[in-house]
Amino acid sequence: MPNISSQQDSDTLKRVEEQINILSGILDQGRHHLRFPGRLEQRYLKFRNQRFLEIDQKIIIGGLLFYLGFSWSDFYLGGDNARLIFISRLLIAVVMFALLWSVPRTRFATHMMTVAAAGIFIVGLSVLFFIQLIPDALQYAYHLGLVPIQVFTLVALRLSYRLMLIVSIALISCYVMMLLMFEAPALSPELSAIVNAFMPLFVLFWLLLICMGGYLSYAIESSARSDYMKNRLLALEAERLQYLTRRLHLLSTTDSLTGIANRRYLEECLDKEWRRCLRTQRPLALIMVDIDNFKDYNDYYGHQQGDHCLQSIARNMASFCQRPGDLCARYGGEEFIIILPDTTQGEAAYMAEKIRESIVALAIPHEASPPAVATISAGVVSMVPTAENSSDDLLRIADRMLYQAKEKGRNCVVAA
């Protein structure tokens, strides 16, 4: 049965169209947006976090394995502190693996990317700590270990240029502070000259790497946000099309005045139920209803009030159609038909009487009718379809029963 009210669909369609207009406006502004308004930003961050958990979490696991893989250098270069450096590296890796496993399963899962950024920063600090434990000139070999960490920062945090820049700038700042605060190991004049020339170039190279990474990360995040908006637009357009299709279906199957099924949809459903009951050899019942003296009602109260009367009675009758196959439809003018599959003659007549009583209970004033309230007459028929009969026979018998109800004085039910 068509929905007797499309108000909810209309409200939903309105909200969908508003979202489409907002997203289209953002895209039409012709510039990259790295922050959306209001709830759209929250939805995007949730989407980005989900993507991070599905893809980038594996990248971080690979990075931690790479970090652990360099433990051989701890024993090769660490000297007396080799064991301390290795144990520190192992503990940091274990803690990071534990966080990768546990955080997505807690309420902090929505902040997983921030947790990953903090973890990368801690790994970088650990390398700075290891540098101080390496004896003599060998510690400069660990300076180069900061380069892959910076590259890993660019890769793992590419979807958030802000986090990438925060971690990168924090690491290089700590590195420069370390160079300024701690005394360099004693070196030969030749090696000292090389180191003094190398360190500024290394810092400059690192800064250039951060600048290039910042630009790339900005472009990647901007593209990701743009793709998200476009995909969101496509989803909303599909949703909008779904609601428009449903509305078109309602318009083609629903009576515009009463909101119940129209005659076209009635005929389709009656034919379908007839064929189904023919296969199952189950009874199919029909109730044909007519509002008594409705022409007099229109003449006395006016057509506008007559429309309200039709709407009230239609809603009341439709409320009795509770099963999936039941259908209440406007047949024409002030006539209505109710289809009741798998319903016997007695059950249909009982329901028709209940409907008649409920219409009287509405107490719709009708001074031009003897009861002084709006009433209905109903004709009822039920039969088990056969190959020799058709649904038209059901309609003809119901119409004849309705005529007999009018002949009996109206405001009554007559069953075949």
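Calculation criteria
Residues numbered from 1 in each chain as written. Predicted model: local features only at pLDDT ≥ 70, side-chain atom pairs only at ≥ 80, totals over all residues. Heavy atoms only, no water. Core = buried A, V, L, I, M, F, W, Y, C linked by side-chain atoms within 4.5 Å. Buried < 20%, exposed > 50% of the residue type's maximum accessible area, 1.4 Å probe, protein only. Helix = DSSP H or I, 4+ residues; strand = E, 2+ residues; numbered from the N terminus. Contact = heavy atoms within 4.5 Å. UniProt positions renumbered as here; feature names shortened; annotations may be inferred. 1 Å grid on protein atoms, 1.4 Å probe; cavity = no way out; pocket = protein on both sides within 12 Å on 5 of 7 lines; lining within 4 Å. Points joined across faces, edges and corners; volume = space filled by probe spheres on them. Nonpolar A, V, L, I, M, F, W, Y, C, P; charged D, E, K, R; others polar.

Caption draft 1: Region of the structure containing the nonpolar core. Ile60, Tyr142, Leu146, Leu157, Tyr175 and Trp206 are the most contacted members of the largest nonpolar core, which totals 58 residues. Among the elements of the structure, α1 (7-28), α2 (38-69), α4 (82-102), α5 (112-133), α6 (140-143), α7 (146-156), α8 (161-181) and α9 (189-253) are those that each provide at least two residues to this core. The dominant element in this core, judged by the number of residues it contributes, is α9, at 12 residues. Not counting residues within four places of it along the chain, the set of residues in contact with Trp206 comprises Leu146, Gln150, Leu171, Ile172 and Tyr175. Of all hydrophobic cores here, the second largest spans 29 residues; its members include Phe294, Cys309, Ile338 and Ile355.

Caption draft 2: A look at the UniProt feature "domain: GGDEF" (unreviewed entry) in the chain. As recorded in UniProt, the feature "domain: GGDEF" (unreviewed entry) lies at residues 282-416. Helix makes up 44% of residues 282-416 and strand 24%. Its end C-alpha atoms lie 17 Å apart.

Caption draft 3: Inspection of the layout of surface pockets at higher detail. Approximately 570 Å³ is the volume attributed to the largest pocket. Phe66, Tyr67, Val123, Val127 and Ile149 are the residues nearest the centre of the largest pocket, which is lined by 31 residues in total. Of all the secondary-structure elements, those providing two or more residues to the lining of the largest pocket are α2, α3 (71-77), α4, α5, α6 and α7. It is α5 that contributes the most residues to the lining of the largest pocket, 10 residues altogether. Among the residues forming the lining of the largest pocket, the class breakdown is 26 nonpolar, 4 polar and 1 charged. The calculated volume of the second largest pocket comes to roughly 360 Å³. In terms of lining residues, the second largest pocket is bounded by 18 residues, among which Leu45, Arg48, Thr110, Met113 and Thr114 are the most central. Among the elements of the structure, α2, α5, α8 and α9 are those that each provide at least two residues to the lining of the second largest pocket. For the lining of the second largest pocket, the element with the most residues is α2, which contributes 7 residues.

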